[in-house]
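Observations on chain architecture
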Amino acid sequence: MLEKQIVFPMVDSSLTLNVVCLDNISERLLIDINRKGTFKLTRCTYNERYQTVITLVRLDIDTKPHRNPDGTVIGPNHIHIYKEGYGDKWAYPLEDFKCFKNPKDLIQTFVEFCRFCNIIEIPTVQAVMT
Amino acid sequence: MSEVLEAKFFIDSYLKWLKENTDIKKLENNVFELTTPFLDRHNDYIQIYVVKEGDKLTLTDGGYTLNDLAMSGMEMNTERRKQILKTILNGFGISLEKEALVVKCDLKTFPLYKHNLIQAILAINDMFMLSRQNVMSIFLEDVENFLKANNIRYVPGFSLIGKSGFNYRFDFVIPYSKNAPERFIKAVNNPTKDITKSIIFAWNDTKVTRTGETKLYTILNDEDNDVSSDIIRAFLEYEITPIKWTERKKYIDELAA
């Protein structure tokens with residue numbers, strides 16, 4: 001990641017970070033932390049996108065419930081993973097992923113999300129939490 | 001089942017499904033979160049918020065729709081996009097407050113405006129197709145359709161090796177004819193200075209390797225972007241013909257020759 005240190009976004013704000021691919025520097029990846037939303041203070045989305053528009057991994061914490069193309073319904077904590085032919089339309093319950101230890105801890109979850117996305121240099125996070 | 005009964009069954013079963021799949025949660029004293037059975041681009045359920053003050057209701061998406069588009073690389077940062085957004089909102093009687101879609105109603109008109117807000121959210125979701133990467137492929141298709149529609153004979157996707165040994169790809173090539181030289185076309189969806197420089201370099205590197213007269217046209221998308229006069233001047237300076245997409249008709253004869 002290009003940033004060495006970040007300030008974690010406050011409620012109702014967001015942050016987009018640039019990621020460099022080690023094996024091909026012309027590839028563009030972005031990581032978003034989105035806490036926008038007027039009514040839900042606990043809501044947070046972490047998003048990894050390729051070429052600015054293609055979502056590869058999207059972790060939703062306390063957001064909206066989800067329905068997979070096969071009809072299965074998943075609660076507000078879930079992780080979307082890119083699938084050929086479907087984009088980010090498939091999601092999986094977060095409890096199936098043991099690498100996310102405590103979704104309520106948004107900063108820890110950010111670090112875990114970066115690891116999940118194979119990011120090697122994860123910035124240190126300064127918390128100004130509200 | 002008679003036809004009347006059958007029609008009634010379809011309506012009733014749909015209404016039953018709507019009812020069973022709509023969820024309401026009270027967030028604060030007068031704010032309700034309504035989860036609808038409609039899905040957004042990510043297959044997440046569309047939610048709206050209802051703020052109740054006496055008989056007056058304010059319905060809003062809480063800013064989710066536009067924030068989510070921005071997080072997918074689709075910012076409302078061009079006049080064309082703002083205009084499309086405004087037209088969608090006007091059509092459903094929805095207004096924009098900061099980034100949130102908002103509509104005010106009362107208990108009686110609630111169903112209608114709830115329906116309108118959901119339809120607006122779905123329509124704005126579809127604007128994702130206008131994001132730059134998506135528009136690039138659509139613009140290329142537009143240019144190709146323009147060539148086809150006007151009987152301009154072309155070969156799509158043509159790569160050339162320049163003097164430096166680098167490989168460059170041009171979107172279309174129109175072969176030499178009795179009346180006109182060989183012509184290359186580069187479709188430029190987002191004509192920035194950097195892209196202009198790289199095209200000028202690519203063309204200067206390749207044209208010297210071609211035998212006989214050869215020309216380059218750049219077709220510039222000026223519907224989604226403003227094309228500055230500096231860019232036009234730069235192309236002309238290097239004998240590249242810039243064609244603004246909105247002025248493409250003027251060049252039909254020249255390209256078809």
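Worth saying up front: this structure is predicted, and the values here are computed from it rather than measured.

Attention shifts here to the UniProt feature "domain: DUF1828" (unreviewed entry) in chain B. When the UniProt feature table is mapped to this numbering, "domain: DUF1828" (unreviewed entry) covers residues 36-124 of chain B. Secondary structure content for residues 36-124 of chain B is 40% helix and 31% strand, and the end C-alpha separation is 17 Å.

With that settled, consider the interface of chain B and chain A. At the interface, 30 residues of chain B touch 28 residues of chain A. The largest share of the area that chain B buries against chain A comes from Asn 43, Tyr 45 and Met 71 of chain B, three residues that together contribute 28% of it. Applying the counting criterion to the chain B and chain A interface returns four salt bridges. Salt-bridge contacts for Asp 40 of chain B lead to Lys 64 of chain A; the nearest nitrogen and oxygen are separated by 2.9 Å. Residue assignment for the side of chain B that touches chain A shows that the elements contributing at least two residues are β2 (31-39), β3 (45-53) and α2 (64-70) of chain B. Partitioning the side of chain B that touches chain A into residue classes produces 13 nonpolar, 11 polar and six charged.

Residue and element names in this part refer to chain A. Turning to helix α1 (residues 106-116), its buried residues number three or more, namely Leu 106, Ile 107, Thr 109, Phe 110, Glu 112, Phe 113 and Cys 114. Among the residues of α1, the N-terminal cap falls to Asp 105, whose side-chain oxygen and the backbone nitrogen of Ile 107 are separated by 3.3 Å. In the segment just after α1, Asn 118 is the residue with positive phi, at about 60°.

What follows concerns a nonpolar patch on the surface. A cluster of nonpolar side chains, Ile 11, Tyr 14, Leu 15 and Trp 17 of chain B, forms an exposed patch at the surface whose accessible area comes to about 400 Å². The residue Leu 15 of chain B is located in helix α1 (residues 3-20) in this model.

Put simply, side chains in a regular strand alternate between the two faces of the sheet. All names here are of chain B. Across the seven residues that make up strand β6 (residues 100-106), a large majority, five, are buried. In terms of strand pairing, strand β4 (residues 56-60) meets β6 through five bridges, oriented antiparallel. Bridge pairing in β6 links Thr 60 to Val 102. Where strand β5 (residues 95-97) and β6 come together, three bridges link them in antiparallel fashion. For Ser 95, the partnering residue across the bridge sits in β6 and is Val 102. Between β5 and β6, which pair antiparallel and follow one another directly, the connecting turn spans two residues, one of which, Lys 98, has a positive phi of 55°.

About the cut-offs
- Residues numbered from 1 in each chain as written.
- Chains lettered and ligands numbered in written order.
- Predicted model: local features only at pLDDT ≥ 70, side-chain atom pairs only at ≥ 80, totals over all residues.
- Heavy atoms only, no water.
- UniProt positions renumbered as here; feature names shortened; annotations may be inferred.
- Helix = DSSP H or I, 4+ residues; strand = E, 2+ residues; numbered from the N terminus.
- Contact = heavy atoms within 4.5 Å.
- Buried area = accessible area lost by both parts, 1.4 Å probe.
- Salt bridge = Lys/Arg side-chain N within 4 Å of Asp/Glu carboxyl O.
- Nonpolar A, V, L, I, M, F, W, Y, C, P; charged D, E, K, R; others polar.
- Buried < 20%, exposed > 50% of the residue type's maximum accessible area, 1.4 Å probe, protein only.
- Polar contact = N/O pair within 3.5 Å; in protein donor to acceptor, adjacent residues only side chain to side chain.
- Patch = residues over 30% accessible without salt bridge, like charges linked within 9 Å, V, L, I, M, F, W, Y side chains within 5 Å.
- Areas by Shrake-Rupley, 256 points an atom, 1.4 Å probe, with all protein chains shown as cover.
- Pairing = 2+ DSSP bridges.

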